[in-house]
Each structure stands twice: as structure tokens, then as C-alpha cells.
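Single-letter residue listing:
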Number of protein chains: 2
Amino acid sequence: MEDGTWKAPSYCTGTDDDVRQWDTREDCEVRQILDRIADKWSLLVIALLDRRTMRFTELRKEIDGVSQRMLTVTLRQLERDGLIKRTVYPVSPPRVDYELTALGNSLQEVTKALVVWTERHQQEISEARTEYDQREILPVS
Amino acid sequence: MEDGTWKAPSYCTGTDDDVRQWDTREDCEVRQILDRIADKWSLLVIALLDRRTMRFTELRKEIDGVSQRMLTVTLRQLERDGLIKRTVYPVSPPRVDYELTALGNSLQEVTKALVVWTERHQQEISEARTEYDQREILPVS
DNA sequence: CGGGATCCAGCGCGATACTG
DNA sequence: CAGTATCGCGCTGGATCCCG
């Protein structure tokens, strides 16, 4: 749409610790990575792998509602991004272990904060929704 | 699918500070809220509203690629969740201001950490992807 | 300017069947 | 057990038109 020139925001250059300026461009790498991380299953997988190794079926049992296909796809993406390590044991029946890499572990700490926040404020959000929905019904007065 | 009985995980009762056990059930409130926050635009809106008030068009200009419809939908959801405050000025032409609530501000701090992480590690992720893709091509040997 | 209403395309995701 | 392959639906989200 526009020309390809743009100034790298502070969080890209690392020269500024005030991260107010996001790059909101669609093709920004940060947005692509965020989209990946924020998909339906990735956060759950990363959370479950906190400090332990898990097998495929184990993960599948823990994550309610995930299809075998989507678990496979999610694990492959996370592996490709270097966030988890996949270990195949050449035995029969096959056995595959998944664990976080160092990179994945550092992400885990950040996402955990997000979950803790959600847990801690779900009551407030729930109340806000109720109040909002009731306002909708009342006359404008 | 199953019976309605389940034990509340530690992060729901708040009796345990080790948040390893997620509730991974589909109808878990935490997962619903995470799904909401992690949609395509919410994080960007919350980020942009950091410590400032913005108008609709202003937001739309900043967020590359957002349609007017999706920006409206996103803002309504965030307002319903009590994360942002919407102020309508009865003037002509109309003017609507958006700003974070206290709740939204606390979330902002958490999500900022996620963005900072992404920024700081995008290089590593990019390299991991390249390496992974090259492994795919090589013979198993 | 800041929306609401409607229509519709893409694809994320689930269901199912098959495999080493 | 841990996948791969195929098919198809639903829902997110984009395009367009209209409005106070």
C-alpha cells in the first residue's frame, strides 16, 4: 500500500526500554509470532510442558477437546519455532516425547503470567459482562 | 459429555501459588477469556491504548489491516469485558474516545511482557524455522 | 465521524479412515 | 502409539452499503 520504508520501533532496535510503540503492520514479524502463539492450542501445550516431558497421548488426554490432528499440527509448529523438542524412540509401539527447549521455557514464564492474570481477574470480567449485558436491556432513559 | 463434577484447580481457588495445573477443559472460564484476549486484534488495541486516549479513526489508522467492522467488534468485546472505557461526546460530527480501565491497564502490563519476549526472541525463532525447514529437505541418512 | 446490517470467502478446525 | 490424508463445516473476519 505505502512505500516500504519505515522506522524500526524501539522494541525492535532494543535501544529504548519504553515499549509503547508497537509495529502494527500486518507483515510485522512480531505480529506473526503473536498470532502463532495465540492460536487455539499452543498456549495450553506450552503450559502443560512446564518442567516435564510428556508423551503424545498424555498431552491429548490432558487437553480437553483437542483433536489428534490439531495436536499434531500444533506440536509441529512449536517444534519448528524451536520452542519444544521432539524425541522419537525407535521402539514398538512407538514412543515420542515432548519437552520445552530453553527458548520454550522462557516463553512459558511469560505466558504463565498471562494465565495467572486471567485467573486472578476472571471474577471482575464476569461481573463486567453481566453489568454490560444488563445495561443493554434497560431503556436509554 | 461427562458429569458436571470437577475439582477446581489451584489457580482457581487461589490456595496454591504453583500454577502448574491448568484447567484444560473446553468450558473453563480461563480458556474462554484467553481465547478472547488472544484473538486477532484485541492485543493490539490494548497495547495502543497504553496510557492514552484514542479515537476510533485514530486506532484504525494505527492498526494496519483492521477493517472497520472488526475494530468495532473488538472494541465492543473489550468494553463488555470491562477492559476499556468508551466515551461518546454528543457533538457533530460524533466523537468517541477509548481508554483503558484499571483492569485493562493491569492486563496491558502482562501482554507487554509477551510482546517484549517476542521482540527479543524473534531472531531465534526465525533461525529455528530455517533450520527446521532445511532438515525437512535432507535425506533421513 | 463512528458506527450498524448484511453478505460471503477463507481457513481453522473437527471427524473419520488408514498406516508403520 | 503416534501419527498422515482427506473431506467438509462453522465461524472469524473482510467488503460493501447505509445511517444519525
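Since we're looking at a predicted model, the values are computed, not measured.

Draft legend 1. Expanded view of the sheet that holds strand 3 (residues 95–100) of chain A. Residues and elements named next belong to chain A. With respect to topology, 3 strands assemble into an open sheet ordered 1-3-2, the strand pairing being antiparallel. Where the open sheet ends on each side, the last strands, each with one partner, are strand 1 (54–55) and strand 2 (84–89). Contacts from helix 5 (residues 68–80) reach strand 2 and strand 3, with the element oriented near 115° to strand 2.

Draft legend 2. The UniProt feature "domain: HTH hxlR-type" (unreviewed entry) in chain A, seen in detail. Mapped onto the present numbering, the UniProt feature "domain: HTH hxlR-type" (unreviewed entry) falls at residues 28–126 of chain A. The distance separating the terminal C-alpha atoms of residues 28–126 of chain A is 33 Å; by composition the span is 62% helix and 14% strand.

Draft legend 3. Spatial organisation of the interface of chain A and chain B. Counting residues at the interface gives 59 residues for chain A, matched by 60 residues for chain B. Between chain A and chain B, a total of about 6,100 Å² is buried, with carbon and sulfur atoms accounting for 61% of that surface. There are 4 salt bridges connecting chain A and chain B. One salt bridge in this structure joins Arg129 of chain B and Asp81 of chain A, with 2.6 Å as the shortest N-O distance. Counting across the chain A and chain B interface gives 10 residue pairs in polar contact (both at pLDDT 80 or more). Of all the secondary-structure elements, those providing two or more residues to the side of chain A that touches chain B are helix 1 (10–13), helix 2 (29–37), helix 3 (42–48), helix 5 and helix 6 (102–137) of chain A.

Draft legend 4. Quick look at the protein's contact with DNA strand D. Taken together, 20 residues are adjacent to DNA strand D, and Thr57, Gln68, Arg86 and Tyr98 of chain A together with Arg69 of chain B come closest. Here a phosphate oxygen of DNA strand D sits 3.3 Å away from a polar atom, N or O, in the side chain of Ser67 of chain B. Going through the elements one at a time, helix 4 (56–62), helix 5 and strand 3 of chain A together with helix 5 (68–80) of chain B are the ones with two or more residues in the surface near DNA strand D. Residue contributions to the surface near DNA strand D peak at 4 residues, all from helix 5 of chain A. Residues that form the surface near DNA strand D fall into these classes: 8 nonpolar, 5 polar and 7 charged.

Draft legend 5. Quick peek at the nonpolar core. Of all hydrophobic cores here, the largest spans 66 residues; its most connected members are Leu49, Leu59 and Trp117 of chain A together with Leu49, Leu59 and Trp117 of chain B. Apart from the residues within four sequence positions on either side, Trp117 of chain A is in contact with Ile125 of chain A together with Ile37, Leu83, Leu103, Ser106, Leu107 and Val110 of chain B.

Draft legend 6. Structural context of the sheet that holds strand 3 (residues 95–100) of chain B. All names here are of chain B. Read from one edge of the open sheet, 3 strands run 1-3-2, paired in antiparallel fashion. On the outer flanks of this sheet lie strand 1 (54–55) and strand 2 (84–89), each paired with one strand and no other. As paired strands, strand 2 and strand 3 are joined by 6 bridges and run antiparallel to one another. Along strand 3, the bridge assignment pairs Arg86 with Tyr98. Sheet strands in contact with helix 5 are strand 2 and strand 3, and its direction is about 115° off that of strand 2.

Draft legend 7. Examining the relation of the copies chain A and chain B more closely. With an axial shift of 0.0 Å and an RMSD of 0.1 Å, the rotation relating chain A to chain B amounts to 180°. What the rotation and shift describe, once combined, is the action of a two-fold rotation axis. When C-alpha distances to the rotation axis are compared across chain A, the minimum falls at Ala38 of chain A, with a value of 2.5 Å. Both copies present the same face, since 100% of the interface residues in chain A are matched by interface residues at the equivalent positions in chain B.

Draft legend 8. Broad picture of the protein's contact with DNA strand C. As a structural note, the neighbourhood of DNA strand C is formed by 20 residues, with Arg69 of chain A together with Thr57, Gln68, Arg86 and Tyr98 of chain B the closest of them. What you see for DNA strand C is that sugar and phosphate hold 61% of its atoms within 4 Å of the protein. Residue Arg69 of chain A places a side-chain N or O atom 3.1 Å away from a base oxygen belonging to DNA strand C. Contact between DNA strand C and Arg55 of chain B: a phosphate oxygen at 2.9 Å from a side-chain N or O atom of the residue. Within the residue set of the surface near DNA strand C, elements represented by two or more residues are helix 5 of chain A together with helix 4 (56–62), helix 5 and strand 3 of chain B. Considering every element that reaches the surface near DNA strand C, the biggest residue donor is helix 5 of chain B, with 4 residues. Tallied by class, the residues present in the surface near DNA strand C amount to 8 nonpolar, 6 polar and 6 charged.

Rules used in this analysis
Residues numbered from 1 in each chain as written. Chains lettered and ligands numbered in written order. Predicted model: local features only at pLDDT ≥ 70, side-chain atom pairs only at ≥ 80, totals over all residues. Heavy atoms only, no water. Pairing = 2+ DSSP bridges. Helix = DSSP H or I, 4+ residues; strand = E, 2+ residues; numbered from the N terminus. Contact = heavy atoms within 4.5 Å. Axes fitted to C-alpha atoms, helices over the stretch in contact; angles between N-to-C directions. UniProt positions renumbered as here; feature names shortened; annotations may be inferred. Buried area = accessible area lost by both parts, 1.4 Å probe. Salt bridge = Lys/Arg side-chain N within 4 Å of Asp/Glu carboxyl O. Polar contact = N/O pair within 3.5 Å; in protein donor to acceptor, adjacent residues only side chain to side chain. Near = heavy atom within 4 Å. Nonpolar A, V, L, I, M, F, W, Y, C, P; charged D, E, K, R; others polar. Core = buried A, V, L, I, M, F, W, Y, C linked by side-chain atoms within 4.5 Å. Buried < 20%, exposed > 50% of the residue type's maximum accessible area, 1.4 Å probe, protein only. Least-squares fit on C-alpha atoms with pLDDT ≥ 70 in both.

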